[in-house]
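Residue strings, one per chain:
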Amino acid sequence: SSWWSHVEMGPPDPILGVTEAYKRDTNSKKMNLGVGAYRDDNGKPYVLNCVRKAEAMIASKKMDKEYLPIGGLADFTRASAELALGENSEAFKSGRYVTVQGISGTGSLRIGANFLQRFFKTSRDVYLPKPSWGNHTPIFRDAGMQLQAYRYYDPKTCSLDFSGAMDDISKIPEKSIILLHACAHNPTGVDPRQEQWKEMAAVVKKRNLLAYFDMAYQGFASGDINRDAWAVRYFIEQGINIVLSQSFAKNMGLYGERAGAFTVICSDADEAKRVESQLKILIRPMYSNPPLNGARIASLILNTPDLRKEWLTEVKGMADRIIGMRTQLVSNLKKEGSSHNWQHITDQIGMFCFTGLKPDQVERLIKEFSIYMTKDGRISVAGVTSGNVGYLAHAIHQVTK
Amino acid sequence: AYRTDEGQPWVLPVVKKVEQMIANDNSLNHEYLPILGLPEFRANASRIALGDDSPAIKEKRIGSVQSLGGTGALRIGADFLRRWYNGNNNTATPVYVSTPTWENHNSVFMDAGFKDIRTYHYWDAAKRGLDLQGLLNDMENAPERSIFILHACAHNPTGTDPTPEQWKQIAAVMKRRSLFPFFDSAYQGFASGSLDKDAWAVRYFVSEGFELFCAQSFSKNFGLYNERVGNLTVVGKDADNVQRVLSQMEKIVRTTWSNPPSQGARIVATTLSSPQLFDEWKGNVKTMADRVLLMRSELRSRLEALGTPGTWNHITEQIGMFSFTGLNPKQVEYMVKEKHIYLMASGRINMCGLTTKNLDYVAKSIHEAVTKIQ
């Protein structure tokens, strides 16, 4: 007999399961609107030019493969912090922060979650927006935290339930943890406006909550890295010492290279050093030290003026294509004769769009049109091209008319 | 980390070649790998550990999880065991590590949630070798179903491995006491120069019908330290069990790093799946192993020629990157402070730090330390 007889079969990952089903489909018109990876207007993965250039530079340097420090590549972590906080940030310039390299967004979130489990003394509760990225819940749970929620998305309007959010946030017990999506909320694409962020910050400060920002789309949302980091920077300016997880999977197209970072804004540089030492103690028994390749590419891009400039142009290009597809989808739906209000498609931002489609409608899209998305009606706009946006609009109209 | 005779890091020639191939291949992109990793990497990595003719592979009762180095493989295995081994979420299951062991073993299992981490006898300081009797006694007395972390070869830090006969005795006790073998294989090929020889213990346990885990690292034998290339090999009773185990490991991976890094796995997969590159790699590995073996024999012969008090055959009987010299903390302090030779307080030296240029100096310094300091 086996030690594992009682081990249950784990359920397939809901998001990745969509891609599996898509791959099996033989319909030539099929569309994969499931997983959040950018595609160009031909539906192909896009390796950024600045990434190719950085890779060529790295190859020519013939560097060794010695272990990185536990906290990662210093040039990378410093550049990541500067990108998020802004070069004029007082917190950045004073050095009252620590940034460690993490395994893309997930790994960075997990380091943070583990750190909070060990060192955040006043609460076990992490408040997520409703809904949030599906993986947030198991990450925090596996780290030993408890999950709560605050109202966020209003399905009636397909936009932000601001009064509901403010109501819930103002009632979060003091000194709890609140998780916020810095920009391009996943899965809804619904972001607060700046005035709304200001009000949220005031309540977070008043309730003395620890603000944990997840920023996976800086630059990718609006096309402007400063604009996308506005909320993060505003909170810090208001004296809220946030923690932050960054991913370079989407904005640099470095998905499989796992480039990310976790940052803690501290009271002073000394506190930052102490926090850093504890983060290293958490990282060492997870994977010892992080992988170099992605971090080195990202670092070269951020720290080389020409490459950085090219990157900013390319990330804007990706963001613009997404925005363009949103516009085209709406106009095509109108052309189809749909009487519904599809404004939320262009109001929302980033890779994802909460269409408002119901599960049974999603099911029809999959079965009748071979258009694949998650049951919650979330589509990855990155999977839409000028070649298939008409088909998509037609299909959506068929299941909603 | 390995060092050449010039004291420099060494990027394996086959790695340079394969990296160039990857760089020139414009069809490659940076898309996410599957959660469990690159399929060609996983299959080849496990094949290397278990052998081409492994019955477990033939019977399709093995699984693989691409991990962030050997540490990552250990951690995924540890997290899984804490959730699913010996009941559900049984944090009380004893975990045994050797005395001494790589210090991170303790932290990995502690952070995975195990509350009862114990030690088993291993290093006999008096005879400078394996305390087999102590080890076997600990296994006899361990609660049934305890987890034992075994170093597959090139024990870190002592460099002292059981002989095949001793492994057979260890396996017999473990089978009788229903103890779980978790192999840590960080030096396959690097220890003796032979992949098969260095995997003998793991393969023997598989042939004895054990269900086991083997955490593999490709940091040293591929010199890919900073790319974090590792693999957790799972051997189970049958395909169905292994499939369920892997599905649960997938959930653990998803909340730890989502999916593993691409670059290092591509290099290893490309190398292992090409007969020509594979041969080239084996040659590179043998180069590293041979240099270490040479340094061992050269150091020993110098110490014996100097008439340094004590016996020094352990230097060549031990294997792998590290050697437990037998120097005590005071002698180590002398080495560090007076001779500027850096080694661990335990007396562990990294053989890779020895070169033809510094052998004489190191031997003389050890001689001084041993004769001047007691």
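Nothing here was measured: the structure is a model prediction, and the numbers come from that model.

Enquirer: Explanation requested: the overall build of chain B in the structure shown.
Expert: Secondary structure summary: chain B contains 15 helices and 11 strands in total. In terms of overall size, chain B behaves like a compact globule, its C-alpha atoms giving a radius of gyration of 21 Å where 374 residues would be expected to give roughly 21 Å. Here the C-alpha coordinates of chain B stretch approximately 60 × 55 × 35 Å along the principal axes. Counting over 374 residues, chain B shows a buried share of 61%. In chain B, of all internal contacts separated by at least 6 residues, the share reaching a separation of at least 24 is 75%. For chain B, the distance from the average site of its 42 positive side-chain charges to the average site of its 39 negative ones is 2 Å.

Enquirer: Whenever I open this one, the interface of chain B and chain A confuses me. Can you help?
Expert: Contact residues are listed per partner, giving 61 residues for chain B and 58 residues for chain A. Where chain B abuts chain A, roughly 5,200 Å² becomes buried across the two surfaces, and 53% of that area is made up of carbon and sulfur atoms. Of all residues in chain B, the largest losses of buried area upon contact with chain A belong to B:H30, B:Y32 and B:N226, amounting jointly to 16% of the total for that side. The interface formed by chain B and chain A contains 7 salt bridges. Salt-bridge contacts for A:K65 lead to B:E19; the nearest nitrogen and oxygen are separated by 2.8 Å. Mapped onto the side of chain B that touches chain A, the elements with two or more residues apiece are α1 (13–24), α4 (69–84), α5 (104–111) and α10 (239–256) of chain B. Tallied by class, residues from the side of chain B that touches chain A come to 22 nonpolar, 23 polar and 16 charged.

Enquirer: When you look at the domain arrangement of chain B in this model, what are you seeing that I'm missing?
Expert: Many analyses report the size of an interface as the accessible area lost when the parts associate. Residues and elements named next belong to chain B. When its domains are assigned, chain B resolves into domain 1 (32–273) and domain 2 (288–372). Averaged C-alpha coordinates put domain 1 and domain 2 at centres separated by 30 Å. The interface of domain 1 with domain 2 comprises 18 residues on the first partner and 18 residues on the second. Between domain 1 and domain 2, a total of about 1,500 Å² is buried, with carbon and sulfur atoms accounting for 67% of that surface. The three residues of domain 1 that bury the most area against domain 2 are R128, P157 and F190, which together make up 43% of that side's buried surface. There are 0 salt bridges connecting domain 1 and domain 2. Linking domain 1 with domain 2 are 4 residue pairs in polar contact (both at pLDDT 80 or more). Here the residues of the side of domain 1 that touches domain 2 are counted per class, giving 7 nonpolar, 8 polar and 3 charged.

Enquirer: What is the right way to look at the environment of A:S370 in this model?
Expert: Residue and element names in this part refer to chain A. For S370, the location among the structural elements is in the loop between α15 (359–369) and β12 (371–372). Its relative accessible area of 5% is what places S370 among the buried residues. Each C-alpha atom, one on S370 and one on R78, is 45 Å from the other, the two residues being 292 residues apart in sequence. Polar side-chain contacts of S370 include one of 2.8 Å to the side chain of D25.

Enquirer: Where do I start with the UniProt feature "domain: Aminotransferase class I/classII large" (unreviewed entry) in chain B in this structure?
Expert: Sites flagged by UniProt as "domain: Aminotransferase class I/classII large" (unreviewed entry) map to residues 2–366 of chain B. Span residues 2–366 of chain B is 47% helix and 14% strand, its end C-alpha atoms 22 Å apart.

Enquirer: Looking at this structure, how should I read the pairing of strand β2 (residues 95–99) of chain B?
Expert: In regular strands, side chains alternate between the two faces of the sheet. Residue and element names in this part refer to chain B. Within β2, 4 of the 5 residues are buried, leaving the element largely enclosed by the surrounding structure. On the question of chirality, the crossover connecting β2 to the parallel strand β3 (residues 117–121) by way of α5 is right-handed. The pairing of β2 with strand β6 (residues 147–151) spans 2 bridges and is parallel. Bridge pairing in β6 places Y96 opposite F148.

Enquirer: Help me understand the pattern of salt bridges, please; the structure alone is not making it clear to me.
Expert: Opposite charge on two side chains allows them to pair when their charged atoms are near. The final tally for this structure, using the stated rule, is 38 salt bridges over all chains. A salt bridge links A:R274 to A:D270, with the nearest nitrogen and oxygen atoms 3.0 Å apart. Here A:R274 pairs with A:D270, and both are found in helix α11 (residues 269–287), just 4 residues apart, close to one helical turn. Residue A:R274 is classed as partly exposed on the basis of its relative accessible area, which comes to 49%. Classification of A:D270 as partly exposed rests on a relative accessible area of 49%. In this structure, B:D196 engages B:R203 in a salt bridge whose closest nitrogen and oxygen atoms are separated by 2.8 Å.

Enquirer: What am I meant to see in the pairing of strand β9 (residues 229–235) of chain B here?
Expert: Residues and elements named next belong to chain B. Counted residue by residue, β9 has 7 buried out of 7 residues, so it is predominantly covered. Side chains V229, N231, T233 and V235 project from β9 onto one buried face, and the interleaved G230, L232 and V234 project onto a second face that is buried too. In this structure, strand β1 (residues 62–68) lies alongside β9, joined through 7 bridges in antiparallel fashion. Looking across to β9, one finds that G63 is bridged to V234. Strand direction decides the pairing type here: strand β8 (residues 212–217) and β9, joined by 6 bridges, are antiparallel. Residue A215 lies in a different strand from β9, and its bridge partner there is L232.

Enquirer: Would you mind going over the UniProt feature "domain: Aminotransferase class I/classII large" (unreviewed entry) in chain A with me for this structure?
Expert: The UniProt feature table records "domain: Aminotransferase class I/classII large" (unreviewed entry) at residues 29–396 of chain A. Counting secondary structure, residues 29–396 of chain A comes out at 47% helix and 15% strand; the distance between its end C-alpha atoms is 14 Å.

Enquirer: Just to check I follow, could you spell out the domain arrangement of chain A for this structure?
Expert: All names here are of chain A. When the domains of chain A are assigned, the result is domain 1 (14–46 + 319–399) and domain 2 (67–303). Here domain 1 and domain 2 have C-alpha centroids that lie 28 Å from each other. On the domain 2 side, the residues contacting the 19 residues of domain 1 number 20 residues. For the pair domain 1 and domain 2, the summed buried area comes to about 1,400 Å², and 67% of that belongs to carbon and sulfur atoms. There are 5 residue pairs in polar contact (both at pLDDT 80 or more) connecting domain 1 and domain 2. Across the side of domain 1 that touches domain 2, the residue classes break down as 11 nonpolar, 6 polar and 2 charged.

Enquirer: Explain the nonpolar core here, please?
Expert: Within the largest apolar cluster, 69 residues are counted, with the highest numbers of intra-cluster contacts made by B:F182, B:F213, B:L232 and B:M249. Ranked by size, the runner-up nonpolar core spans 67 residues in total, among them A:A54, A:I58, A:L73 and A:M351.

Enquirer: Is there a simple way to think about helix α1 (residues 14–24) of chain A in this case?
Expert: The α-helix advances 3.6 residues per turn, and as a result positions three or four apart in sequence lie on the same side. Residue and element names in this part refer to chain A. Listed as buried for α1 are I15, V18 and T19. Burial along α1 is one-sided: seen end-on, the buried residues are contained in an arc of 95°. For α1, the exposed residues set more than 90 degrees away from the buried face come down to P14 and R24.

Enquirer: Explain the environment of B:G72 to me, please; I cannot follow it from the model alone.
Expert: By the element assignment, B:G72 lies in helix α4. C-alpha of B:G72 to C-alpha of B:L232: the two residues are 160 residues apart in sequence and 8.5 Å apart in space. Those residues in contact with B:G72 that sit more than four places away from it in its chain are A:M286, A:Y287, B:S67 and B:W257.

Enquirer: Even after reading the chapter, I still don't get the packing of α11(A) against α4(B), so can you show me in this structure?
Expert: Two quantities define a packed helix pair, namely the angle between the axes and the distance from one axis to the other. It is at 5 Å that the axes of α11(A) and α4(B) come closest, and there the two elements cross at 85°. The angle between α11(A) and α4(B) places the two elements in the roughly perpendicular class. Together, A:R284, A:P285, A:M286 and A:Y287 of α11(A) and B:T71, B:G72 and B:R75 of α4(B) make up the contact between the two elements. Each residue belonging to the contact of α11(A) with α4(B) can be placed in one class, and the counts come to 3 nonpolar, 2 polar and 2 charged.

Enquirer: What is the right way to read the packing of aromatic side chains from this model?
Expert: Think of a pair of aromatic rings as described by two things: how far the centres are apart, and how the planes are tilted against each other in angle. Enumeration according to the criterion identifies 46 aromatic pairs over all chains in this entry. Here the aromatic rings of A:Y153 and A:F354 are separated by 4.9 Å at their centres, their planes lie at 85°, and the arrangement is edge-to-face. Placement of A:Y153 in strand β5 (residues 153–154) and of A:F354 in strand β11 (residues 352–354) is noted, with a sequence separation of 201 residues between them. When the centroid spacing of 5.9 Å and the interplanar angle of 45° are considered together, the rings of A:W197 and A:F213 count as tilted. Within this pair, whereas A:W197 is found in helix α8 (residues 194–206), its partner A:F213 is found in strand β8 (residues 210–215), the two being separated by 16 residues in sequence. Across this residue pair, the class does not change: A:W197 and A:F213 are buried. An aromatic cluster of three or more residues is present, and its members are A:W3, A:W4, B:F80, B:Y85, B:F109, B:F114, B:F180, B:F182 and B:F213. Geometry around B:W312 places B:R128 over its ring, the cationic atom sitting 5.1 Å from the centre.

Rules used throughout
Residues numbered from 1 in each chain as written. Chains lettered and ligands numbered in written order. Predicted model: local features only at pLDDT ≥ 70, side-chain atom pairs only at ≥ 80, totals over all residues. Heavy atoms only, no water. Helix = DSSP H or I, 4+ residues; strand = E, 2+ residues; numbered from the N terminus. Rg over C-alpha atoms; globule rule 2.2 N^0.38 Å. Buried < 20%, exposed > 50% of the residue type's maximum accessible area, 1.4 Å probe, protein only. Contact = heavy atoms within 4.5 Å. Lys, Arg positive; Asp, Glu negative; His and termini not counted. Charge placed at Lys NZ, Arg CZ, Asp CG, Glu CD. Buried area = accessible area lost by both parts, 1.4 Å probe. Salt bridge = Lys/Arg side-chain N within 4 Å of Asp/Glu carboxyl O. Nonpolar A, V, L, I, M, F, W, Y, C, P; charged D, E, K, R; others polar. Domains from an automatic or database assignment. Polar contact = N/O pair within 3.5 Å; in protein donor to acceptor, adjacent residues only side chain to side chain. UniProt positions renumbered as here; feature names shortened; annotations may be inferred. Right-handed = clockwise from strand over helix to strand, strands pointing away. Pairing = 2+ DSSP bridges. Core = buried A, V, L, I, M, F, W, Y, C linked by side-chain atoms within 4.5 Å. Arc of directions from axis to C-beta. Axes fitted to C-alpha atoms, helices over the stretch in contact; angles between N-to-C directions. Parallel < 35°, antiparallel > 145°, perpendicular 65-115°, else oblique. Phe/Tyr/Trp six-rings, centres within 6.5 Å; stacked < 30°, edge-to-face > 60°. Lys NZ or Arg CZ within 6 Å of the ring centre and 35° of its normal.

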